[in-house]
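Remarks on the overall topology
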Amino acid sequence: MKALVFASRTAKEILRDPLTLIFGIGLPVIILLLLTAIGKNVPNDLFQIEQLTPGIAVFSLSFMSLFSAQLIANDRASSMLARLFTTPMTAADYIIGYTLPLIPMALAQGSICYGVAILLGMKASTEIIIAWFMLLPISIIFIGIGLLCGSLFNEKAVAGICGGLLTNVVAWLSGTWFSLELVGDTFQAIAYKLPFVHAVDIGKAIINDSGSELFVHLTWVLGYGALLFVVAILMFKRRMQMN
């Protein structure tokens, strides 16, 4: 109950910055449009709408890290958290309260990405609905990264880490823009030790009806999501004790 009340307050804070929301939702759509246009002139399967869309949908979730990190960092800078720490809320209550409003945003981003893809020629199917639903556990990874960074760093630092750095890491290590096999076995092996390429491969496996690979990728995503969420709670609890 306490987490839900705090989540309501967090949602109001998010809605006070509509430009950030528009940018976070609009940029991935623009990228999808540009790459689809390139695909019409480049005979490469990577630029086909069925291959592009799952990756762009995951890439769009990287902005959830920035949103969640800024929420905590801004509260810390304004001394809001110091006042909230006097309430009987636990670290888990705070993390859940920050997370809940971001999940509908993540699903909305996914809806727009897949909706635009259908308008661009992607065949509407039940697989798209399943791939969209799988964005839920994937979003926990990015929200968890943001919550962790927001608990550790200040406003300027989280803008650089969760804005520029993370989006580039996701772009390069997710296989969204190019096949990881082209870079080499070492690079590919490193990428598959991280969750981003597995998140993209979940959508591709569903869209392209390769269900046999889905469980392995989903296991990596769920494992990283749970780990990041637990670490975020522990770090936030430490921050509470320091105050």
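The structure reproduced in this document is the subject of the present report. (Residues numbered from 1 in each chain as written. Predicted model: local features only at pLDDT ≥ 70, side-chain atom pairs only at ≥ 80, totals over all residues. Heavy atoms only, no water.)

Glancing now at the pattern of salt bridges. On inspection of all chains with the given rule, the structure shows one salt bridge. Among the ionic pairs, Arg 9 bridges to Asp 75, the shortest N-O distance being 2.7 Å. Of this pair, Arg 9 sits in helix α1 (residues 2-15) while Asp 75 sits in helix α3 (residues 49-77), and the two are 66 residues apart along the sequence. For Asp 75, a relative accessible area of 5% translates into the label buried. (Salt bridge = Lys/Arg side-chain N within 4 Å of Asp/Glu carboxyl O. Helix = DSSP H or I, 4+ residues; strand = E, 2+ residues; numbered from the N terminus. Buried < 20%, exposed > 50% of the residue type's maximum accessible area, 1.4 Å probe, protein only.)

Another point: the side chain of His 198. Relative to the helices and strands, His 198 resides in helix α11 (residues 195-207). Residue His 198 is classed as buried on the basis of its relative accessible area, which comes to 3%. Excluding its chain neighbours within four sequence positions, the residues that come into contact with His 198 are Tyr 192, His 217, Trp 220 and Val 221. (Contact = heavy atoms within 4.5 Å.)

A few words on helix α5 (residues 91-99). Summarising burial for α5: seven of the nine residues are buried, a large majority. Those residues of α5 that fall on the buried side of the exposure criterion are Ala 91, Asp 93, Tyr 94, Ile 95, Gly 97, Tyr 98 and Thr 99.

Its 29 residues place the ends of α3 42 Å apart at the C-alpha level, agreeing with the 42 Å of an ideal helix rising 1.5 Å per residue. Where burial is concerned, most of α3 is hidden: 23 out of the 29 residues are buried. Phi for Ser 79, located one or two positions after α3, is positive at around 65°. (Expected span 1.5 Å × (residues − 1).)

Looking now at a nonpolar patch on the surface. Taken together, the side chains of Leu 4, Ile 96 and Leu 100 make up a nonpolar region of the molecular surface, amounting to roughly 230 Å² of accessible area. With a relative accessible area of 33%, Leu 100 lands in the partly exposed category. (Patch = residues over 30% accessible without salt bridge, like charges linked within 9 Å, V, L, I, M, F, W, Y side chains within 5 Å. Areas by Shrake-Rupley, 256 points an atom, 1.4 Å probe, with all protein chains shown as cover.)

Here we take up the packing of aromatic side chains. To describe a pair of aromatic rings, you give the distance between the ring centres and the angle between the ring planes. Tallied over the entire structure, the rule returns seven aromatic pairs. For the ring pair Phe 6 and Tyr 94, a centre distance of 5.3 Å and an interplane angle of 85° mean the geometry is edge-to-face. Remark: Tyr 94 occurs in helix α5 and Phe 6 occurs in helix α1; sequence separation between them is 88 residues. Tyr 94 carries the same exposure label as Phe 6, and that label is buried. Centroid distance Phe 142 to Phe 196: 5.7 Å. Interplanar angle 35°. Geometry classified as tilted. One end of the pair, Phe 142, is in helix α8 (residues 135-152); the other, Phe 196, is in helix α11, with 54 residues separating them in the sequence. For the pair Phe 142 and Phe 196, one class covers both residues: buried. Chaining the aromatic ring pairs together yields one cluster made of Phe 6, Tyr 94, Tyr 98 and Phe 236. (Phe/Tyr/Trp six-rings, centres within 6.5 Å; stacked < 30°, edge-to-face > 60°.)

Checked against the element boundaries, Trp 132 lands in helix α7 (residues 126-133). Residue Trp 132 is classed as partly exposed on the basis of its relative accessible area of 27%. Spatially, the C-alpha atoms of Trp 132 and Leu 32 are 16 Å apart, while their sequence positions differ by 100 residues. There is a polar contact of 2.9 Å between the side chain of Trp 132 and the backbone oxygen of Leu 107. (Polar contact = N/O pair within 3.5 Å; in protein donor to acceptor, adjacent residues only side chain to side chain.)

Let us now look at the packing of α5 against α8. Closest axis-to-axis distance for the α5/α8 pair is 11 Å, and the angle between their directions is 125°. On the basis of their axis angle, the class for α5 and α8 is oblique. The interaxial crossing formed by α5 with α8 has right-handed handedness. Here Ile 95, Tyr 98 and Thr 99 of α5 come into contact with α8, specifically with Ile 140, Ile 143 and Leu 147. Among the residues forming the contact of α5 with α8, the class breakdown is five nonpolar, one polar and no charged. (Axes fitted to C-alpha atoms, helices over the stretch in contact; angles between N-to-C directions. Parallel < 35°, antiparallel > 145°, perpendicular 65-115°, else oblique. Left-handed = near helix turned anticlockwise from the far one by under 90°. Nonpolar A, V, L, I, M, F, W, Y, C, P; charged D, E, K, R; others polar.)

Okay, the nonpolar core next. Among the nonpolar cores identified, the biggest contains 70 residues, and Met 64, Ile 138, Phe 142 and Phe 236 are the most heavily contacted of them. With 15 residues, α3 is the single largest residue contributor to this core. Listed in part, the five residues of the second largest apolar core include Leu 173, Leu 180, Ala 191 and Val 197. (Core = buried A, V, L, I, M, F, W, Y, C linked by side-chain atoms within 4.5 Å.)

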